[in-house]
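Per-entry structural report
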Amino acid sequence: MSQVLREDQDLFTDLVGQPLAETLLKAALQQDRLAPAYLFAGPEGVGRRLAVLRFLEGVLSEGQCNPRQRRRLAERNHPDLLWVEPSYSHQGRLLSRSEAEEAGVSRRTPPLVRLDQIRDISRFLSRQPLESSRGLVVLEEPEAMAEAAANALLKTLEEPGHGVLILLSAAPERLLSTIRSRCQLIRLIQLSVEDMQSVLQRLPAEVDQESAKQALMQPELVAMAGGSPGALLGHVKQWSRVSADLMGRLHALPTQPIEALGLARDLTEALDGEQQLWLINWLQQHHWREQKNEQILRKLEKLRVQLLSFVQPRLAWEVTFLDLMGL
């Protein structure tokens, strides 16, 4: 780790710009009054996962900073912790987003939280913990659930047992109101520019500091980040995967049909489904800055719906670029 941890160190020292969340979590730990379920809600990349990790460290270590537990939680290597992410189903296996990317699995559509994963959560919370006083479960992106999984989660929340279930959501409004009502809300907010700069300065050595600095000079990426340093780094990663040649061609709308068809072909050959969806966000930001034309935004939003509805990607891009020529 980049610094030496002390047992008496404040648990939440590295959580920047979240005073309300920090106050609520510290009070729960100090008073030893834990809710059976929490909803950590806020934009992606503002510190939700970090807040959860520090809170769980406090649960396991009676409110104190504990270097050993911190390492185990960061590595998700604690027997009483179950961390669940949306998954892809591939050849009878469930793969997380990172596992699917590493295995080269098609990621045309976003991953889902599946019914089997919710059942695993229920079984985990019903068993006796091995080392701690309670089982700990973190469910990322619970909004990415089909109806059956959502109903199963609701049943689990109605019979929580003695464990702690934490939902990590960037879109809590998409959850069933009955699910939200059974969780204590911990809301995390967008960071100020000053706080974003503070977080970026604390990045570990393995993160490309130069790329992070360059990102702050890209107005589209900063706007897409929405006050989230973590989201900014994620957008930098996606942005770097698009070739300079392709990105240069995307800065201006095609003016000739042959140009539109060629761009659609090259784009769909170079980028997978997830990258194409990201690119739509970038195009919306870029062209709004350039032209302030709502019709362009609507055409691109229609394209997003088509890609998510299994329309043939190249055809969808071709039609969109040709439509945009008329604007």
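Bear in mind that the values here come from a model prediction, so they are computed numbers and not experimental data.

Topic: the overall build of the protein
When helices and strands are counted, the protein shows 16 helices and seven strands. Computed over C-alpha atoms, the radius of gyration of the protein comes to 22 Å, within 12% of the 20 Å expected from 2.2 N^0.38 for 327 residues, which places it in the range of a compact globule. Seen through its principal axes, the protein has C-alpha atoms that stretch 65 × 45 × 35 Å. Residue burial in the protein is summarised as follows: out of 327 residues, 46% are buried. Residue pairs in contact within the protein that sit at least 24 positions apart in sequence constitute 71% of those at least 6 positions apart. In the form shown here, the protein has an accessible surface area of approximately 16,800 Å², with 50% of it arising from carbon and sulfur atoms. Put simply, the protein has 38 plus and 42 minus side-chain charges, and the middle of one group is 3 Å from the middle of the other.

Some points on the sheet that holds strand S1 (residues 37-41)
Backbone hydrogen bonds hold the strands of a sheet together, and the pairing may be parallel or antiparallel. Ordered by their spatial adjacency, five strands build an open sheet running S2-S5-S6-S1-S7, and the pairing between neighbours is parallel. The sheet terminates laterally at strand S2 (81-84) and strand S7 (184-187), the two strands that pair on one side only. Taken over all neighbouring pairs, the strand axes of this sheet differ in orientation by 15° on average, direction set aside. Note: S1 against S7, four bridges, orientation parallel. Counted as the bridge partner of Ala 41 is Arg 187 from S7.

Structural notes on unusual backbone geometry
The phi dihedral of Glu 141 is positive, around 50°, even though this residue is not glycine. Inspection of the secondary structure assignment puts Glu 141 in the loop between strand S5 (136-140) and helix H6 (147-158). Here Lys 292, not a glycine, exhibits a phi torsion of approximately 55°, which is positive. Mapped onto the elements, Lys 292 comes out in the loop between helix H14 (273-291) and helix H15 (294-308).

Some points on the packing of aromatic side chains
As enumerated under the stated definition, the model contains four aromatic pairs in all. Ring geometry for Phe 40 and Phe 55: centres 6.3 Å apart, planes at 40°, overall tilted. Residue Phe 40 is found in strand S1, and its partner Phe 55 is found in helix H2 (residues 48-60); the two are separated by 15 residues along the sequence. Phe 40 gets classed as buried once you look at its relative accessible area, which sits at 0%. Its relative accessible area of 0% is what places Phe 55 among the buried residues. On the numbers, 5.4 Å between centres and 40° between planes, the contact of Trp 317 with Phe 321 is tilted. Linking Trp 317 with Phe 321, this pair stays in helix H16 (residues 313-325), spanning four residues, or about one helical turn. Here Trp 317 and Phe 321 have matching classes, each one buried. The cationic tip of Arg 127 hangs over the ring face of Phe 124; the distance from NZ or CZ to the ring centre is 4.3 Å.

Examining H14
The end-to-end C-alpha distance of H14, which contains 19 residues, comes to 27 Å, matching closely the 27 Å that a straight helix rising 1.5 Å per residue would cover. The set of residues buried in H14 consists of Gly 273, Gln 275, Gln 276, Leu 277, Trp 278, Leu 279, Ile 280, Trp 282, Leu 283, Gln 284, His 286 and His 287. Along its buried surface, H14 packs onto helix H10 (219-225), helix H11 (229-241), helix H12 (244-250), helix H13 (257-270), H15 and H16. Immediately downstream of H14, the backbone of Lys 292 shows phi near 55°, a positive value.

Comments concerning H6
Along an α-helix, residues three or four positions apart point the same way, because every turn accommodates 3.6 residues. Across its 12 residues, H6 extends 17 Å between first and last C-alpha, which sits within 8% of the 16 Å expected from 1.5 Å per residue. Along H6, the positions that sit buried rather than exposed are Ala 149, Ala 150, Leu 153, Leu 154, Thr 156 and Leu 157. An end-on view of H6 places all buried positions within 160° of arc, on one side of the element. Within H6, the exposed residues directed more than 90 degrees away from the buried face are Glu 147 and Lys 155. On the buried face of H6, the contacting elements are S1, helix H5 (115-126), S5, strand S6 (164-169) and helix H7 (177-181).

A closer look at the pattern of salt bridges
Should the charged atoms of two oppositely charged side chains come close, the side chains can pair. Applying the stated criterion to the full structure yields 25 salt bridges. Notably, a salt bridge pairs Asp 14 with Arg 54, separated by 2.8 Å at the nearest N-O pair. Pair noted here: Asp 14 is in the segment before helix H1 (19-31) and Arg 54 is in helix H2, with a separation of 40 residues, a long-range link. Overall, Arg 54 belongs to the buried group, its relative accessible area being 9%. Here Arg 123 ties to Asp 120 by a salt bridge, and the two come within 2.4 Å at their closest N and O atoms. Taken together, the positions of Arg 123 and Asp 120, both in helix H5 and three residues apart, correspond to about one turn of that helix. On the basis of relative accessible area, Asp 120 is assigned to the partly exposed category, the value being 37%. Through salt bridges with shared partners, one network takes in Glu 44, Arg 48, Arg 49, Arg 76, Glu 85 and Glu 140.

The rules behind the values
- Residues numbered from 1 in each chain as written.
- Predicted model: local features only at pLDDT ≥ 70, side-chain atom pairs only at ≥ 80, totals over all residues.
- Heavy atoms only, no water.
- Helix = DSSP H or I, 4+ residues; strand = E, 2+ residues; numbered from the N terminus.
- Rg over C-alpha atoms; globule rule 2.2 N^0.38 Å.
- Buried < 20%, exposed > 50% of the residue type's maximum accessible area, 1.4 Å probe, protein only.
- Contact = heavy atoms within 4.5 Å.
- Areas by Shrake-Rupley, 256 points an atom, 1.4 Å probe, with all protein chains shown as cover.
- Lys, Arg positive; Asp, Glu negative; His and termini not counted.
- Charge placed at Lys NZ, Arg CZ, Asp CG, Glu CD.
- Pairing = 2+ DSSP bridges.
- Axes fitted to C-alpha atoms, helices over the stretch in contact; angles between N-to-C directions.
- Phe/Tyr/Trp six-rings, centres within 6.5 Å; stacked < 30°, edge-to-face > 60°.
- Lys NZ or Arg CZ within 6 Å of the ring centre and 35° of its normal.
- Expected span 1.5 Å × (residues − 1).
- Arc of directions from axis to C-beta.
- Salt bridge = Lys/Arg side-chain N within 4 Å of Asp/Glu carboxyl O.

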